[in-house]
Amino acid sequence: MKFNKVLEDIQLYEAGKPIELVVREFGIAPEDVVKLASNENPIGTNPIVAETIMRNATRAHLYPDDSMFELKAALASLYDVEAENIIIGAGSDQVLEFISHALLNETSSVLMSRVTFAMYEIYAKQMGAKIVRTPSYAHRVEEFIEAYERHRPKIIYICTPNNPTGDATSKEDVLRIIEAVDADTLIVVDGAYMEYAAAKEAKYAIAPKDLLGYDNVIYLGTFSKAYGLGGMRIGYGIAQKSLIGALHKMRPPFNVTTLSLAAALEASKDRAFVERSIALHQEQIKRYEAFANEHAIRYIDSYTNFITYLFDGEFDSTQIANALLKKGVIIRNLASYGMNAIRITIGTAKQNDTFFKYFKEIMA
Ligand SMILES: *Cc1c(COP(=O)(O)O)cnc(C)c1O
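Only a predicted model underlies this, so the values are computations on that prediction, with no experimental measurement involved. The residue numbering used here restarts from 1 in each chain and proceeds along that chain's sequence as written. For this predicted model, a pLDDT threshold of at least 70 governs which residues receive local features, and a threshold of 80 or more governs which side-chain atom pairs are given and counted, while totals over whole chains, interfaces and linings are taken from all residues. In computing side-chain values, all of the structure's heavy atoms are included and hydrogens and water are not.

Participant: Help me out: how do you make sense of the sheet that holds strand 7 (residues 217-222) in this one?
Facilitator: Backbone hydrogen bonds are what pair the strands of a sheet, in a parallel or an antiparallel way. Any two strands between which DSSP finds at least two bridges are classified as paired. For the purposes of this entry, the term helix denotes a DSSP run of H or I that reaches at least four residues, the term strand denotes a run of E that reaches at least two, and both are numbered from the N terminus. Strand order in the open sheet formed by 7 strands is 2-8-7-6-5-3-4, with mixed pairing between adjacent strands. Each edge of the sheet is formed by a strand with only one pairing partner; in this case those strands are strand 2 (86-89) and strand 4 (130-133). Strand after strand, the sheet turns through a mean of 20° between neighbouring axes, direction not considered. Relative to strand 5 (residues 155-159), strand 3 (residues 109-112) is paired through 2 bridges, and the arrangement is parallel. Each residue of the ladder has a partner; that of Leu111, found in strand 5, is Ile156. Across the face of the sheet, helix 4 (residues 92-103) comes into contact with strand 2, strand 5, strand 6 (186-190), strand 7 and strand 8 (235-238) while running at roughly 155° to strand 7. Only the contacting stretch of a helix is used when fitting its axis, a line to C-alpha atoms as for every element, and angles between N-to-C directions run 0 to 180 degrees. Note on definitions: a residue-residue contact is assigned when non-hydrogen atoms from the two residues lie within 4.5 Å.

Participant: It is not clear to me how the site of the ligand should be interpreted in this structure. Could you clarify?
Facilitator: One heavy atom within 4 Å of a molecule or strand makes the whole residue count as near it. In the vicinity of the ligand lie 13 residues, with Asp190, Thr222, Ser224, Lys225 and Arg233 positioned nearest. Here Asn163 contributes a side-chain N or O atom positioned 2.8 Å from an oxygen atom of the ligand. Each accessible area is a Shrake-Rupley result for a 1.4 Å probe, and residues are judged covered by the shown protein chains and nothing else. Considering the ligand on its own, with 390 Å² of exposed area, one finds that the protein chains cover 94% of that surface. Three classes are used: nonpolar for Ala, Val, Leu, Ile, Met, Phe, Trp, Tyr, Cys and Pro, charged for Asp, Glu, Lys and Arg, and polar for all others, with Gly counted as polar. A breakdown of the residues in the shell around the ligand according to their chemical character gives 4 nonpolar, 5 polar and 4 charged. In protein, a polar contact means a hydrogen-donor-capable atom and an acceptor-capable atom, both N or O and within 3.5 Å, with residues adjacent in sequence counting only if both atoms are side-chain atoms; elsewhere, any N or O pair within 3.5 Å suffices.

Participant: Would you mind going over the pattern of salt bridges with me for this structure?
Facilitator: When their charged atoms lie close together, side chains carrying opposite charge are able to pair. Salt bridges are counted wherever a side-chain nitrogen of Lys or Arg sits within 4 Å of a carboxyl oxygen of Asp or Glu. Here the structure, examined in full by the defined rule, presents 20 salt bridges. For the salt bridge of Lys209 with Asp80, the shortest nitrogen-to-oxygen distance reads 2.8 Å. Taken together, the positions of Lys209 in helix 9 (residues 208-211) and Asp80 in the loop between helix 3 (69-79) and strand 2 put the pair 129 residues apart, joining distant regions of the chain. Note that Asp210 and Lys171 form a salt bridge whose closest N and O atoms lie 3.4 Å from each other. Highlighted residues: Asp210 in helix 9 and Lys171 in helix 7 (residues 171-179), separated in sequence by 39 residues. Exposure remark for Lys171: the relative accessible area of 29% places this residue in the partly exposed category. Via salt bridges that share partners, Asp9, Glu121, Lys125 and Arg133 belong to a single interconnected network. Each residue gets one of three labels from its accessible area relative to the maximum for its type: buried under 20%, exposed over 50%, partly exposed in between, using a 1.4 Å probe on protein chains only.

Here you go:
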């Protein structure tokens, strides 16, 4: 079978290793596996949301409300925008796919930082578009403007805070990039971890409404991180109505499930859960910073729910990741991003204890 030529250049997305794999390969009991690899919420599923999912189980034979009226209304009120400014996807990942399909072809290019969310590249390559990266992993305004002027990309991705590095771009810098760009280039501001950044430092807080004055900007958010619903696959894009209208043409009907809609609606009303998640995170990430300082490991100051440890010649991230895996601790090796680094999702106190224990053994 001859496939589309664009497929030749696409690398499969490397998902965090599942707990089941570690159980199978290393014979570790599932309850002893510590997964700190996919930036999932360590608190677990919000019990109120779990109950809602159960309550809605008997509606599984019905197609969901394709207008997503209730969830859009809840998001509109949360962000002080209108329902027509919102598109909902099976994860914000799917909104990225709609964007790519709506705007790119084999004559386009897209611009992103050197190390950023892998799906931008994959969706762009599916459309045959060319990938342009700035020299730094951090989003430096001058680098973005220079690359923009040279390549005239159709889409610019600003991931703030950035995955997998954890650093953030200030609202002021994001606006500087937006101001430097023509109306025919779309700027995607991916705020998958925005709740954590906003809680840490005001200058990094970007609300969808801050960007709504621009026709060529879309803000992406997700229920997968601070809201703890990664398994429900719900994310959203917020932008001007005409842009949202165009993206809707790329959306298949019933793209999110009845249970996911109900879960996200319930989650959106429970601000206390998000606050609990952030409080645990802020307390626990301090331990990772202290541990790094104590052992002379460099790390990137994090505005997300994970931390990135950087290794110099002394350690090899692939060896460390494999050694941890054998102990039942799953973290993310960043070697495939060209970094000798690991990304660790901040877990519960107990999960973090386990990480520190085995990590110390491995370093020794
Ligand atoms: C997790 C993540 C997303 C989206 O996740 P979904 O589960 O698809 O909503 C988007 N962007 C970044 C940078 C992420 O880390």
